Structure formats: structure tokens, C-alpha cells
Amino acid sequence: MRLKINHFQIIESADIQFDGLTVIAGENDTGKTTIGKILFSQINHSLLKNQPEKVNQIEFQSENEITHFPIFIDSPDFLSKFHYLKNTMVLSQQYQLNFSLPNEVGDLILRISQPLKSNRRNKLFHQIKKFIHGEVYYDAQQDKIFYKKDGLKPKLDMYQTSNGIKMFGFLQILILNGTIKNGSTLIFDEPEIHLHPLWQLEYARMICSVVTEGVKVLVTSHSPY
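Only a predicted model underlies this, so the values are computations on that prediction, with no experimental measurement involved.

Criteria and cut-off values
Residues numbered from 1 in each chain as written. Predicted model: local features only at pLDDT ≥ 70, side-chain atom pairs only at ≥ 80, totals over all residues. Heavy atoms only, no water. Pairing = 2+ DSSP bridges. Helix = DSSP H or I, 4+ residues; strand = E, 2+ residues; numbered from the N terminus. Contact = heavy atoms within 4.5 Å. Axes fitted to C-alpha atoms, helices over the stretch in contact; angles between N-to-C directions. Parallel < 35°, antiparallel > 145°, perpendicular 65-115°, else oblique. Left-handed = near helix turned anticlockwise from the far one by under 90°. Nonpolar A, V, L, I, M, F, W, Y, C, P; charged D, E, K, R; others polar. Buried < 20%, exposed > 50% of the residue type's maximum accessible area, 1.4 Å probe, protein only. Arc of directions from axis to C-beta. Polar contact = N/O pair within 3.5 Å; in protein donor to acceptor, adjacent residues only side chain to side chain. Right-handed = clockwise from strand over helix to strand, strands pointing away.

Description of the sheet that holds strand β7 (residues 144-149)
With respect to topology, three strands assemble into an open sheet ordered β6-β7-β8, the strand pairing being antiparallel. Unpaired on one side and paired on the other, β6 (134-139) and β8 (156-157) mark the two borders of the sheet. For β7 and β8, the ladder comprises two bridges, and the chain directions are antiparallel. Residue pairing in the sheet places Phe146 in a bridge with Asp157 of β8.

And the structure:
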């Protein structure tokens, strides 16, 4: 996949080839998040075959057929607010309220809500569980997300867990419900912000493991490392 941008919002010029793992590192307010959201939007429109209002500054190309919708992950606080956000989205649609969520947020709500498709013997899931000493999972009956820590009997609500746990939790949930799979595209917006340096390294290893499974990954970051 290739994305060309010229004089769009804060971005003066960009020509980016996405293949395997792509990392964009830079200072604040340089357009990193904008590129991630443009890529998310362009892949979606490509799959839906309904081209958005033409933007002359943006050109998107894909050498191979795109078969899966992209996933955009940014703030771990999303998991704490999941139940609230989902109910807000449902009520907004049901009563036609003048309230809307960003497309990438609404999409992630639906992704998180998917039923289980994979068992817990998945190698990457097991590696994450071992590292964070537990499992972050979606409870369909309660329509909420919990963290079950090894050795601790009660399950914890997301507001009771650290942001670092939540960042690994995204991967656990999306692995088990089959969202992360060969041919899909993951977009991480500054995933290192809430992670200790050692956890940053482990998260990088997990991302690389995902890439070896045939997933295209874009990471935007403040860190040149």
C-alpha cells in the first residue's frame, strides 16, 4: 500500500509505502496521527467501494487486493470507557441524536464486541498472558471488559487496571475474537506513551510477532528508538 499526501492540513508532503511494519517517529503536532487516520479512512473506503469526496491532496494505492478492514488503536483509556461509549453509540443511533463518535472509535467498539473465535492456546495470546500475569477479556453477558489477574480471585474493572495492562489487553481481546489475522492492518497511535521502557520493548516484540503472521502494522511514535 502506498499513500501520497501533499499540502493536507499540517502535512506539507509525504510519500509512504506500507508493507509489513512501518514506523513514523516525530515531534508533537507534525501530522503523525493524521497519517494514521488517513490510512484508516482510505482502506475503509477502498473496501466499501464508495469513494469519499475527492481530496486532490491525497492519493492511495494498493498493489494487492485489500480484504480486511483496518483497526485503529490509540488511547488505552478507551477500554475504561468502553461500556459508556458503546451505550452512547447505540442510543445515538436508536434515537437519532445529534451525536457522533469518530469512525475509528465506533469501529473499535464493534471489533471489541465480537464473539470469541480463537482458543487461549494461541501462542501470542499466551505470551502476553505470561508477561502481564493475567488476561484482559470482553464479557459478552455484561457487555464490559475485565482483567483477571493470576492469583487474584475477583476480576477487575478496567478503571482498576494500569494503562500498560490495557495496551496489552487490546491485543489479547483482538487475537481471541479473530480480528487480528493474516491480511489485516493495525494502526497504533503512540503506543509507547503509557508503557515503562521495559514494557515498550516487550510491546515492540509483540508487534513484530503480529507482523510475522501477515498483518500490516503502522506505528506512530514520539520516540526515535
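That shown, we press on.
With respect to the environment of Phe188
Relative to the helices and strands, Phe188 is located in strand β9 (residues 185-189). Once the C-alpha coordinates of Phe188 and Arg121 are considered, the two residues, 67 residues apart in sequence, prove to be 25 Å apart. Setting aside chain neighbours within four positions, we find Phe188 in contact with Ile73, Leu171, Tyr203, Ile207, Val217, Leu218, Val219 and Thr220.

Looking at the packing of helix α5 (residues 123-132) against helix α6 (residues 163-176)
Between α5 and α6, whose axes approach to 10 Å, the crossing angle comes to 155 degrees. As the angle between them shows, α5 and α6 are arranged roughly antiparallel. In the packing of α5 onto α6, the handedness of the crossing is left-handed. Taken together, the residues of α6 that come into contact with α5 (itself represented by Leu124, Phe125, Ile128, Lys129, Phe131 and Ile132) are Ile165, Phe168, Leu171, Gln172, Ile175 and Leu176. Of the residues contributing to the contact of α5 with α6, the split by class is ten nonpolar, one polar and one charged.

So, α5
Helical geometry note: an α-helix holds 3.6 residues per turn, so side chains three or four residues apart project in the same direction. Among all positions of α5, only Leu124, Phe125, Ile128 and Ile132 are buried. Seen from one end, α5 has its buried residues packed into an arc of 100 degrees, which puts them on one side. Away from its buried face, by an angle of more than 90 degrees, α5 presents the exposed residues Lys123 and Lys130. Of the surrounding elements, those touching the buried residues of α5 are β6, β7, α6 and α7 (197-212). Capping of α5 at its N-terminal end is provided by Asn122; its side-chain oxygen lies 3.0 Å from the backbone amide nitrogen of Leu124. Taken from the residues just after α5, His133 is the one with a positive phi, measuring 60 degrees.

What about the pairing of β9?
Burial analysis of β9 places five of its five residues in the buried class, which makes it a mostly covered element. Here β9 shows a buried face lined by Thr185, Ile187 and Asp189 and a second buried face lined by Leu186 and Phe188. Across five bridges, β9 lies against strand β10 (residues 216-221) in parallel orientation. Pairing of Ile187 across the sheet is with Leu218, part of β10. Tracing the backbone out of β9, into α7 and back to the parallel element β10 gives a crossover that is right-handed.

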